[in-house]
Amino acid sequence: MSQTIVRENSMSAVPGWSTISGGFSKYPILHAFWADIAHNPLRHKIGGVSEAEILLWLCLNVICVLKMNFDGMDSGMGEYTTTLHGSLEPGMETSMDPRLNPGMMQGVELDPDGLPVAVPESVHMMEGMFSELHSVHAEVGVPVTATHFDFQEELLWMGNHRGHAMSFFGPTMGRYSSFQAHSTDDIRHIQSMETGVLFLSKSNLRCQTRGGLVMFDYPMEDGADMHSLLMTDNNTILMGGLQNYVLEFDLNTVQQTLKFSVEAPGVAIMRQSNRFLFCGNTSGKVSLCDLRSFKLEHEFDAFSGSLSDFDVHGNLLAACGFSSRGLNGLACDRFLMVFDLRMMRAVTPLQVHIDPLFLRFIPTYTSRLAIISQTGQCQFCEPTGLANLADVFHVNTGGQLLMSFDVSSSKQALAFGDSGGGVHLWSDAPEVSYNGYSRETEFALPCLVDSLPQLDWSHDLLPLSLIPMPLTSSEPLLSDWVTTQATPSPRRAPPVDPDILRTMKTVGFIGYAPNPRTRPRNQVPYKIKEVELDYDNYNQGVPESPSGRDEEPHLYMVPKKYRKVTIKYSKLGLEDFDFKHYNRTLFAGLEPHIPNAYCNCMIQVLYFLEPIRCLVQNHLCQKEFCLACELGFLFHMLDLSRGDPCQASNFLRAFRTIPEASALGLILADSDEQTGKARLGRLIQSWNRFILTQLHQETQEQEGPQAYRGASSSAQGSSGESVIGRQFGCEVENSSLCRCGKETVRTSLTLLFTMHYPEQNSLDKTTKEYDFAEILKKSICLEQSTQAWCENCEKYQPTVQTRNIRCLPDVLVINCEVNSVKEAEFWKAQAEYAFMKAKAKEEIEPPKPKEAPPPQPEWCLEEELVNSEGLTFDTRVEDLHHVWIPLTLKMSISKSQGLEVSSWPEGEELSSTEEAEGVSLYDLVVTVPHILDNRTGGNLVAHIKVGETYHIRKEGVTHQQWYLFNDFLIEPIDKAEAAQFDVNWKVPAILYYAKRNYHTKYDLRIKNPIEASVLLTEASLARKQRKSHATFIPLMVSEMPQPGDLVGLDAEFVTLNQEEAELRSDGTKSTIKPSQMSVARITCVRGQGPNQGVPFIDDYISTQEQVVDYLTQYSGIKPGDLDAKISSKHLTTLKSTYLKLRFLIDTGVRFVGHGLQKDFRVINLLVLKDQVIDTVYLFHMPRKRMISLRFLAWYFLDLNIQGETHDSIEDARTALALYRKYLELSRGGGNDEVRKILKGLYEKGRKLDWKVPDCDIGDGQGSPKSTKLALH
């Protein structure tokens, strides 16, 4: 080809060239290249041949190839509806674009009204597969340069090459509005908003209502060539194009707010994620910019030639474009470039079978990509998988080229615009919705002419009020009330309490007084009826929780002991909170302030099942986060406690890391717990199913190499058969019968059953009477009809599914599923039937009088009214109100009758014949109700029948007793109260029935699985940790601790959640929720022997939770110390270090430290008091302040510690030295001498304001020890 100068007018003479150049206007890369060549042909001469000639040659070849490909397609692919063929109507030819090639319009019929083209009846849509739903021709022959699905309404927008905009309503694509958005330029981008629609052209931005009214028209600067628009928020947009700047535009003020400079050739495509702003340009690069400052953060070089389109989803960026082929120009690249935004690098390119021009992510079930070619081919594939040729579809464009593409926000619809003015709607379902929640579209209303009603004077009952009459009389109307009667009369505020007026102090014009707490906070009760509910008459000496203290009785329905209990924090934290007010038993409660502590009641349920308690305490595995291990540690603390509450912080920490728990929605946000938004009844039932399944899996797994050398395997956990499966498991036979006669039977193991209630007849408002045993049997042996896959029919068919059980479990677990008003009303009605039946029975058979119990001594607390059967409350008929469930069930399975369930009198036993036939009695042992309380958001409690073995261990008595467990509130209750469910405030959630004497067949011995090998050397999790950095020497076998040995202990912590507090009107602060701490470093120092003072444990604890404050000034922990990738410390898991401390506790060593009570509390350990030597109490006088370790070290040891930061090794050594100093003082002068020294200590501290002086000698402020040395 010779060197020639190609001018724009000469290229326009080429047939089809105008159409191609016009079509490029939609694609910024090709359009920019075309415009540059057309105006500057000499700039692009390469090797004697101009790029204009190369591009001309390339485009003509592409058209020829496309024509050959289209002609060679399957004949069925070229079929089109007959209404689109034929010649143009007379008079319509002049409206065509003069630059269009007439040959491209052959055989196309214009739809003069722009009405939708009906889909042929033969089109069949498969659910889940995209296919054409509708097509319309907006303006024949004028290319559609932009398509957009409205984000607010069910509208599809299009803009064409002449600046005209149209919208189509719904899947039928009926025309909604049509107007001119720009007089001459093509529409390049459309964006819908709440109030209108934005239309971007080359040098203009216009906002119009959906009906076409202009809201504003903003012209750009001279030379602007805009191509893309991006909404960053509701009122701000970014506009970019082929110029060296990007504009930020405020839609409220209709003004340009910022102007960001960019490198040439500008920005042609913009996308946004929650991290970056993505800008694509014509050089084939994608830039990642900061969302606020627009600063360049990273750049991907996607293609050597040019970029066609790209999209972002999650952590992936996919792009398509053109590659440079030397002198041959640009070629469409069939490899999609995929980039990982986490690693900021390219992953394996994705090869497709079409020439990609558009692409979009369609994240429905997976992160699918839709790739579109200009010839109408469409392919779906995964961005990280292989493209399948079978996934290629074709858009029937009638030979036209696709110019625009968009995906609806619901991902159910695709829209294509072609060069012939056609708009094609594709969908994966016949009933398509563009948005998840679209607002109703307003349509123009027809003109309604007001007309008076026709009056029939011959009708005797015609109301005369239909005749309008003018008001001529001067008499007042009945509706004209006098002023005194129409004036609103608000209720007067109650008088101020005299105690407040008496104690009030006035500052300026504001008075301050302490709250006497005689009224509810922010509430003024108006006593309309002097009635008090029976629920608040309960009083057994246990004071009410602070959350409901001093409530007006008639305003509250929930009894005090069932209300949500909260801890009132003071300056000393929990030290001065009297838990004994809420728990006079020796059983341990659980603290509620930890995130996700809603499951405290179920933890207590599992603890009071003896086989489960023994199972988890015998279990020890190598998993870092094992719920069975953590439950074993927690149950060990509950065993040791003598009425003091424990906390399940480590168990809940492990619980939050289980992916299944998060997937089931069992992990609540703090806001949901505090505001009461969580549906606790449904939540605890899901938690019940999850924990049984999780424990079954964890204890059933075969143990591999022990994580802790020498630790013996759990007998139950390593046998392959889980105790959970033996205790709760029930072999179930599921039968599925298709209507074709094919029956499929599968067996499985289920750990619990869900109640299914009979359907209520909508016509019959009355609820029929059912026995609980009858409903339970139907729920266990469930029969229901559902759609299921039939292998014989090879499709989904209506099937009848039947469930039968082959054996009875030892513990029958029931989820009540009372989750709606419908189930609650059913439960209430059945309880009323049961109560009326019991009342009628009492009238026939009066109850026998019971003998009064013998008098008990005054000192008896727990044993009041106690005998071998527990509390001897008289069960009267009135106590059976709201009771439907029986206390005992009789269950059996026979080959002839199947499962049989019936109620059974509680105290009676089975006959020998029934026992021989395999009949079993099940006693109610657990009920978990959901307490509905509008004030606190509700809570969960548990009624548990505590067995004899627990009472023997705790109290030394033999009896069974029902207790109410409400976090740290524990009270004995009557058995009838455990079965009472007033669904107005107490909704049943979970029931446990246990086979009578079932635990006798289980091995209930506990063998401590933690052995001495846990103290031996272990590898660090930190990658950069070296032996030269070691700060401790592990114990040798000869140094293993013995009972009574001293161990210096200190721990450092970091903050996970900040404290929540409120400031009262008098200026004092009240702690609502304490800060959540996590242990970060634990140090143990030898207390005797040749290596006395040398640490043998100095573990930094790795954490996966976000740390909000490292408390470096007080802990010495720095950011990065707990990160295994960059830490140089000896990093371990919390479980590993916990086992070391547990072994030391179980051995019987004595820990010496300063403030150990808080340390053990955060570590979640319970240590007996005789094993703790706390220097904060050794050097403390009653009713005086606690003294810091630094001041004690300066005063007694002449040591200046904790200068800049704390060091746990130094603190542990100092505590040991202080204990020896205390022993020395005690041996020297006895208690009187120690008291005298402490008195001098406090005097010195007050004089120095408890601050250690900088200089010890020469200023008169030296410590007593240094003063004595100076005198000598």
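Residues numbered from 1 in each chain as written. Predicted model: local features only at pLDDT ≥ 70, side-chain atom pairs only at ≥ 80, totals over all residues. Heavy atoms only, no water.

Turning next to the overall build of the protein chain. Regarding its fold elements, the protein chain presents 26 helices and 59 strands. In the protein chain, buried positions account for 48% of the 1272 residues. Here the contacts in the protein chain between residues at least 6 apart in sequence split such that 61% fall between residues at least 24 apart. Carbon and sulfur atoms make up 53% of the accessible area of the protein chain, which totals about 64800 Å². (Helix = DSSP H or I, 4+ residues; strand = E, 2+ residues; numbered from the N terminus. Buried < 20%, exposed > 50% of the residue type's maximum accessible area, 1.4 Å probe, protein only. Contact = heavy atoms within 4.5 Å. Areas by Shrake-Rupley, 256 points an atom, 1.4 Å probe, with all protein chains shown as cover.)

Quick look at the nonpolar core now. Core analysis: the biggest nonpolar cluster contains 104 residues, and Tyr598, Ile603, Ile684, Trp687, Phe728, Tyr992 and Phe1151 have the highest contact counts within it. Element by element, the count of residues in this core is highest for helix H9 (residues 627–640), at nine residues. If we skip the residues at most four places from it in the chain, Phe728 touches Leu609, Ile612, Leu692, Thr750, Leu751, Pro809, Val811, Val813 and Tyr992. Of all hydrophobic cores here, the second largest spans 52 residues; its members include Cys730, Leu776, Leu808 and Phe968. (Core = buried A, V, L, I, M, F, W, Y, C linked by side-chain atoms within 4.5 Å.)

The next subject is the side chain of Thr1132. Looking at the element boundaries, Thr1132 is found in strand S57 (residues 1131–1132). At a separation of 2.9 Å, a polar atom in the side chain of Thr1132 contacts the side chain of Thr1137. Each residue touching Thr1132, except ones within four places of it in the same chain, is listed here: Glu1018, Leu1021, Asp1099, Tyr1100, Ile1101, Ser1102 and Thr1137. (Polar contact = N/O pair within 3.5 Å; in protein donor to acceptor, adjacent residues only side chain to side chain.)

The strands making up a sheet are joined through hydrogen bonds of the backbone, oriented either antiparallel or parallel. The four strands are arranged S5-S6-S7-S8 in an open sheet whose pairing can be described as antiparallel. Strands at the two margins of the open sheet, each flanked by one partner only, are strand S5 (144–149) and strand S8 (174–180). With strand direction ignored, the average angle separating the axes of adjacent strands in the sheet is 20 degrees. Here strand S6 (residues 155–160) runs beside strand S7 (residues 164–169); their pairing, made up of five bridges, is antiparallel. Bridged to Leu156 within S7 is Phe168. (Pairing = 2+ DSSP bridges. Axes fitted to C-alpha atoms, helices over the stretch in contact; angles between N-to-C directions.)

On the surface, Arg1183, Lys1184, Lys1239 and Arg1246 cluster together to form a positively charged patch. Among the structural elements, Arg1246 can be located in helix H25 (residues 1208–1247). (Patch = residues over 30% accessible without salt bridge, like charges linked within 9 Å, V, L, I, M, F, W, Y side chains within 5 Å. Salt bridge = Lys/Arg side-chain N within 4 Å of Asp/Glu carboxyl O. Lys, Arg positive; Asp, Glu negative; His and termini not counted. Charge placed at Lys NZ, Arg CZ, Asp CG, Glu CD.)

Let us now look at empty space enclosed by the protein. On inspection of all chains with the given rule, the structure shows seven cavities of 30 Å³ or more. In this model, the largest cavity occupies a volume close to 80 Å³. Residue lining of the largest cavity: Glu624, Phe625, Glu630, Asn650, Arg653, Ala654, Thr1133, Leu1134, Lys1135 and Tyr1138, and that is the complete set. Those elements that provide at least two residues to the lining of the largest cavity are helix H10 (649–656) and helix H21 (1134–1147). Of the residues that constitute the lining of the largest cavity, the class distribution is four nonpolar, two polar and four charged. (1 Å grid on protein atoms, 1.4 Å probe; cavity = no way out; pocket = protein on both sides within 12 Å on 5 of 7 lines; lining within 4 Å. Points joined across faces, edges and corners; volume = space filled by probe spheres on them. Nonpolar A, V, L, I, M, F, W, Y, C, P; charged D, E, K, R; others polar.)

With that settled, the discussion passes to helix H22 (residues 1156–1163). Restricting attention to buried positions, one finds in H22 the residues Leu1156, Asp1159, Phe1160, Val1162 and Ile1163. One face of H22 carries all of its buried residues, which in axial projection span an arc of 165 degrees. Contacts from the buried residues of H22 go to H10, strand S52 (1046–1057), strand S55 (1076–1086), H21, strand S58 (1150–1153) and strand S59 (1172–1174). Phi turns positive one or two residues past the end of H22, at Asn1164, with a value near 75 degrees. (Arc of directions from axis to C-beta.)

For side chains bearing opposite charge, pairing can occur when the charged atoms are close. By the definition in use, this model includes 40 salt bridges. The partner of Asp355 in a salt bridge is Arg334, with the nearest N and O atoms 2.8 Å apart. Note that Asp355 is positioned in the loop between strand S26 (350–351) and strand S27 (358–363) and Arg334 in the loop between strand S23 (330–332) and strand S24 (335–340), a separation of 21 residues in sequence. With a shortest N-O distance of 3.1 Å, Glu909 and Arg996 are connected by a salt bridge. With Glu909 in the loop between strand S45 (898–903) and helix H17 (912–916) and Arg996 in the loop between strand S51 (986–995) and S52, the pair connects residues that are 87 residues apart, well separated along the chain. Through salt bridges that share partners, Asp150, Glu153, Glu194, Arg210 and Arg439 make up one connected network.

Contact pair helix H7 (residues 600–607) / H9: the axes reach a minimum separation of 11 Å and the direction vectors enclose 80 degrees. As the angle between them shows, H7 and H9 are arranged roughly perpendicular. Along the contact surface, H7 presents Ile603, Gln604, Leu606 and Tyr607, while H9 presents Leu631, Leu634, Phe635, Leu638 and Asp639. Partitioned by chemical class, the residues of the contact of H7 with H9 number seven nonpolar, one polar and one charged. (Parallel < 35°, antiparallel > 145°, perpendicular 65-115°, else oblique.)

Let's shift gears to the UniProt feature "binding site: a divalent metal cation" (unreviewed entry) in the protein chain. Within this numbering scheme, the UniProt entry marks Asp1050, Glu1052, Asp1159 and Asp1211 as carrying the feature "binding site: a divalent metal cation" (unreviewed entry). Sequence-wise these annotated residues cover 162 residues; spatially they are packed, their C-alpha atoms never more than 12.9 Å apart. Considering the arrangement of structural elements, one finds Asp1050 in strand S52. A relative accessible area of 7% means that Asp1050 is categorised as buried. Residues contacting Asp1050, with those up to four places away along its chain left out, are Arg1081, Ile1082, Thr1083, Asp1159, Ser1208, Asp1211 and Ala1212. (UniProt positions renumbered as here; feature names shortened; annotations may be inferred.)

Bringing the sheet that holds strand S11 (residues 204–208) into the picture now. Ordered by their spatial adjacency, four strands build an open sheet running S9-S10-S11-S12, and the pairing between neighbours is antiparallel. In this open sheet, the two edge strands, each paired with only one partner strand, are strand S9 (189–192) and strand S12 (214–219). Each neighbouring strand pair of the sheet contributes to a mean axis angle of 15 degrees, computed without reference to strand direction. Relative to S11, strand S10 (residues 197–200) runs antiparallel, the two sharing four bridges. Opposite Phe199, over in S11, you have Arg206 as the bridge partner.

Under the defined criterion, the tally for this structure stands at 50 aromatic pairs. For the ring pair Phe130 and Phe380, a centre distance of 5.2 Å and an interplane angle of 15 degrees mean the geometry is stacked. Separated by 250 residues along the polypeptide, Phe130 in the loop between strand S3 (116–117) and strand S4 (131–137) and Phe380 in strand S29 (residues 377–381) bring together distant segments of the chain. When its relative accessible area of 3% is taken as the criterion, Phe130 is described as buried. (Phe/Tyr/Trp six-rings, centres within 6.5 Å; stacked < 30°, edge-to-face > 60°.)

On the surface, a cluster of nonpolar side chains totalling about 450 Å² of accessible area is made up of Val507, Phe509, Ile510 and Tyr512. Considering the arrangement of structural elements, one finds Val507 in strand S34 (residues 505–507).

A large share of strand S41 (residues 811–815) lies buried, amounting to five of its five residues. A two-sided burial pattern is seen for S41, the buried positions comprising Val811, Val813 and Asn815 on one face and Leu812 and Ile814 on the other. Sheet analysis places strand S38 (residues 753–754) next to S41, joined by two bridges and oriented parallel. If you follow Thr754 over to S41, its bridge partner there is Asn815. The sheet contact formed by S41 and S51 spans five bridges and is antiparallel. Counted as the bridge partner of Val811 is Ala994 from S51.

The next subject is the environment of Thr397. Here Thr397 lies in the loop between strand S30 (392–394) and strand S31 (402–407). Judged by its relative accessible area of 8%, Thr397 is buried. Put simply, Thr397 and Gly422 are 25 residues apart on the chain and 7.5 Å apart in space, counted from C-alpha to C-alpha. Among the polar contacts listed, one links the side chain of Thr397 to the backbone oxygen of Gln400, at a separation of 2.8 Å.

Moving on: H21. The end-to-end C-alpha distance of H21 is 20 Å, a good match for the 20 Å that 14 residues give at a rise of 1.5 Å each. For H21, a buried count of 13 out of 14 residues is recorded, marking the element as mostly surrounded by other parts of the structure. Phi turns positive, to about 105 degrees, at Gly1148, one or two residues after H21. (Expected span 1.5 Å × (residues − 1).)

Quick look at the packing of helix H8 (residues 610–618) against H9 now. At a minimum axis distance of 7 Å, the contact between H8 and H9 shows a crossing angle of 115 degrees. In terms of orientation, H8 lies roughly perpendicular with respect to H9. Handedness of the crossing formed by H8 with H9: left-handed. Seen from H8, the contacting residues are Arg613, Val616 and Gln617; seen from H9, they are Ala628, Leu631, Gly632, Phe635, His636 and Asp639. Each residue belonging to the contact of H8 with H9 can be placed in one class, and the counts come to four nonpolar, three polar and two charged. (Left-handed = near helix turned anticlockwise from the far one by under 90°.)

So, on to the pairing of strand S16 (residues 255–261). When strand S15 (residues 245–250) meets S16, the two strands line up antiparallel, connected through six bridges. From the neighbouring strand, Leu247 faces S16, where its bridge partner is Lys259.

Attention now goes to the side chain of Thr888. Considering the arrangement of structural elements, one finds Thr888 in strand S44 (residues 888–894). Given a relative accessible area of 0%, Thr888 falls into the buried group. Side chain to side chain, Thr888 and Asp923 meet in a polar contact 3.1 Å long. Filtering out sequence-adjacent residues up to four positions away, Thr888 remains in contact with Ser902, Ser903, Trp904, Pro905, Glu906, Leu921, Tyr922, Asp923 and Arg996.

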